[in-house]
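Chain residues, written in single-letter form:
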Amino acid sequence: MDTAFDPRGFDPRTEDSVPSVMPDDATATGADVAVEAAETRLTASAVRELLAALGGSIGDEDELVVLLQRAVEIANDAIEGADSIGVTIDLAGQTYTAVHTDSRTLRVDIEQYDAGDGPCLHAARTGDTVVVDAETSAERWPRFAAAAKDEGIKSFLAAPLFTPDQRLGSFNLYGRASAAFDRVDADVMEILTTTVSRAIGDFSRFKSAKAVADALQRALETRAPIEQAKGMLMAIHRIDADTAFHMLRKQSQTTNTRLRDVAAEIVETYSAPPTAV
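On a predicted model such as this, the values are computed, not experimentally measured, just so you know. (Residues numbered from 1 in each chain as written. Predicted model: local features only at pLDDT ≥ 70, side-chain atom pairs only at ≥ 80, totals over all residues. Heavy atoms only, no water.)

(A) Representation of the pattern of salt bridges. Inspection of the entire model under this criterion finds 12 salt bridges. Through salt bridges with shared partners, one network takes in Asp11, Arg13, Glu111, Asp114 and Arg143. (Salt bridge = Lys/Arg side-chain N within 4 Å of Asp/Glu carboxyl O.)

So, in structure tokens, the structure goes:
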């Protein structure tokens, strides 16, 4: 997976975007739930199962980042034509990429943000799902189409993220094959984004749009200690990334301490030189 940043240089709208990882058994199960729900209907039990696969309810903005990462992993596993995936936040005058799978998504996102329009921003601002091939979108979104062509992207699916009170952004799939996405893929994305949006809605219920956008941006900027702490716990306890994160989360909830503060304390503890005897 290519996580190298755009060689054109750093851009504040993408430089803090968190890379997602390939799905594990937990996200594969989530993909199965999402596909099954799309083929039948979104029942209450399916929502609970999918939310559990996403990591449960959101306690703070750090857990929101994790939920978005897991959603990207599930989409990657559920939709065969998705070669690259990203999540755009378009809220309270702020537009940035929160999660991505590779640098290809960041390069195309930057062109859309600079142009002020494109499939992901259209989905975010209208609430409509967009399924389009890059070539046929050239007249409507010329800058997006040119950037997509440069990156070898031929197909695009953008599904909106929104709550009853706020339009949050969009969930974006990029395909290297023509006509990579169909109605079934759009239905799967609707199930996934509906569940993600409900979780975000619970988190943001008593917050302004600006507060949510600012909090998420801060979480992205201060993500390093959480990833470092996870890596340390994985090495020390010989556990996987999910188990390491659950350890961090449990400690955060037990001590009523912010997740990033728990992580920073673990990094400091295990990075300190041994005390001389």
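Once you've had a look at it, read on.
(B) Structural context of the sheet that holds strand S4 (residues 130-133). Spatially, S1-S3-S2-S6-S5-S4 is the arrangement adopted by the six strands of the open sheet, whose pairing is mixed. Strand pairing shows two members of the sheet lacking a second neighbour, strand S1 (18-19) and S4, which therefore form its edges. Here six bridges tie strand S2 (residues 84-91) to strand S3 (residues 94-100), and the two strands are oriented antiparallel to one another. Directly across from Asp90, in S3, lies its bridge partner Thr95. Running at roughly 145° to strand S6 (residues 167-175), helix H5 (residues 119-126) makes contact with S2, S3, S4, strand S5 (155-162) and S6 of the sheet. Contacting S1, S2 and S3, helix H8 (residues 209-221) runs over the sheet at an angle of about 45° to S3. (Pairing = 2+ DSSP bridges. Helix = DSSP H or I, 4+ residues; strand = E, 2+ residues; numbered from the N terminus. Contact = heavy atoms within 4.5 Å. Axes fitted to C-alpha atoms, helices over the stretch in contact; angles between N-to-C directions.)

(C) Summary view of the side chain of Thr193. Structurally, Thr193 is set in helix H7 (residues 183-204). A distance of 2.7 Å separates a polar atom in the side chain of Thr193 from the backbone oxygen of Met189. Among the polar contacts listed, one links the side chain of Thr193 to the backbone oxygen of Glu190, at a separation of 3.3 Å. Contacts of Thr193, omitting those with residues within four sequence positions, involve Ala159, Pro160, Leu161 and Phe171. (Polar contact = N/O pair within 3.5 Å; in protein donor to acceptor, adjacent residues only side chain to side chain.)

(D) The packing of aromatic side chains, seen in detail. By the definition in use, this model includes two aromatic pairs. Both rings, one in Phe144 and one in Phe156, keep their centres 5.2 Å apart while their planes meet at 65°; by these two values the pair is edge-to-face. Residue Phe144 is located in helix H6 (residues 142-150), and its partner Phe156 is located in strand S5; the two are separated by 12 residues in the primary sequence. The two residues Phe144 and Phe156 agree in class, both being buried. Within the aromatic cluster, the residues linked to one another by ring pairs are Phe144, Phe156 and Tyr174. The positively charged end of Lys207 is found above the aromatic ring belonging to Phe203, 4.3 Å away from the centroid. (Phe/Tyr/Trp six-rings, centres within 6.5 Å; stacked < 30°, edge-to-face > 60°. Buried < 20%, exposed > 50% of the residue type's maximum accessible area, 1.4 Å probe, protein only. Lys NZ or Arg CZ within 6 Å of the ring centre and 35° of its normal.)

Geometric values such as these leave the question of function open.
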